[in-house]
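# Per-entry structural report
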Amino acid sequence: MRIGELAAQAGMTRDTIRFYEKVGLVTGRRLANGYRDFPPETVAWLLYVRTAQTLGFSLAEIARLGEELRDAPDAAEALSALFEEKIQIIDARMAELSALRADLDTRVGTGCPLRAASQAG
């Protein structure tokens, strides 16, 4: 399938697919006329990529995890484990952001907001 058809079926732009090809997320072969040709299963993979991005996974993680999932004996179990890991990362980041917010809140109205909180006042 050519890139235009793939883009239409996957609901993304040709440029996005070209970028994904450049970073190794998808692979198409070149036809004699120079056009890209992608296998039909690329549509499902691109939808997976989009969903994974929506769930907070980076393209690098998606590329790495895609390889792991293809080799996993039970993809559903492997995905659940990956989601649990991602939840732990999100929880840690939320705690960091909460601490940052509290620090910023203590600096509001201190006269010199860049002075350490213990020196403010």
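Residues numbered from 1 in each chain as written. Predicted model: local features only at pLDDT ≥ 70, side-chain atom pairs only at ≥ 80, totals over all residues. Heavy atoms only, no water.

What follows deals with the side chain of R36. By the element assignment, R36 lies in strand 2 (residues 36–37). At a separation of 2.5 Å, a polar atom in the side chain of R36 contacts the side chain of E21. (Helix = DSSP H or I, 4+ residues; strand = E, 2+ residues; numbered from the N terminus. Polar contact = N/O pair within 3.5 Å; in protein donor to acceptor, adjacent residues only side chain to side chain.)

With that settled, the discussion passes to the packing of aromatic side chains. This model, assessed by the stated rule, comprises three aromatic pairs. Here F19 and Y20 contribute two aromatic rings whose centre-to-centre distance is 6.3 Å and whose plane-to-plane angle is 55 degrees, an arrangement assigned as tilted. We classify F19 as partly exposed; its relative accessible area is 42%. Among the residues examined, Y20 registers a relative accessible area of 5% and is labelled buried. Judged by centre distance (5.0 Å) and plane angle (20 degrees), the rings of W45 and Y48 are stacked. Linking W45 with Y48, this pair stays in helix 3 (residues 42–54), spanning three residues, or about one helical turn. The ring centre of F57 lies 4.9 Å from the NZ or CZ of K86, which sits over that ring. (Phe/Tyr/Trp six-rings, centres within 6.5 Å; stacked < 30°, edge-to-face > 60°. Buried < 20%, exposed > 50% of the residue type's maximum accessible area, 1.4 Å probe, protein only. Lys NZ or Arg CZ within 6 Å of the ring centre and 35° of its normal.)

Another point: the packing of helix 1 (residues 3–10) against helix 3. With their axes 9 Å apart at the nearest point, helix 1 and helix 3 run at an angle of 50 degrees to one another. Accordingly, the angle class assigned to the pair helix 1 and helix 3 is oblique. Two packed elements cross with a definite hand, and for helix 1 against helix 3 that hand is right-handed. Contacts between helix 1 and helix 3 involve L6, Q9 and A10 from the first element and T42, V43, L46, L47 and R50 from the second. (Axes fitted to C-alpha atoms, helices over the stretch in contact; angles between N-to-C directions. Parallel < 35°, antiparallel > 145°, perpendicular 65-115°, else oblique. Left-handed = near helix turned anticlockwise from the far one by under 90°. Contact = heavy atoms within 4.5 Å.)

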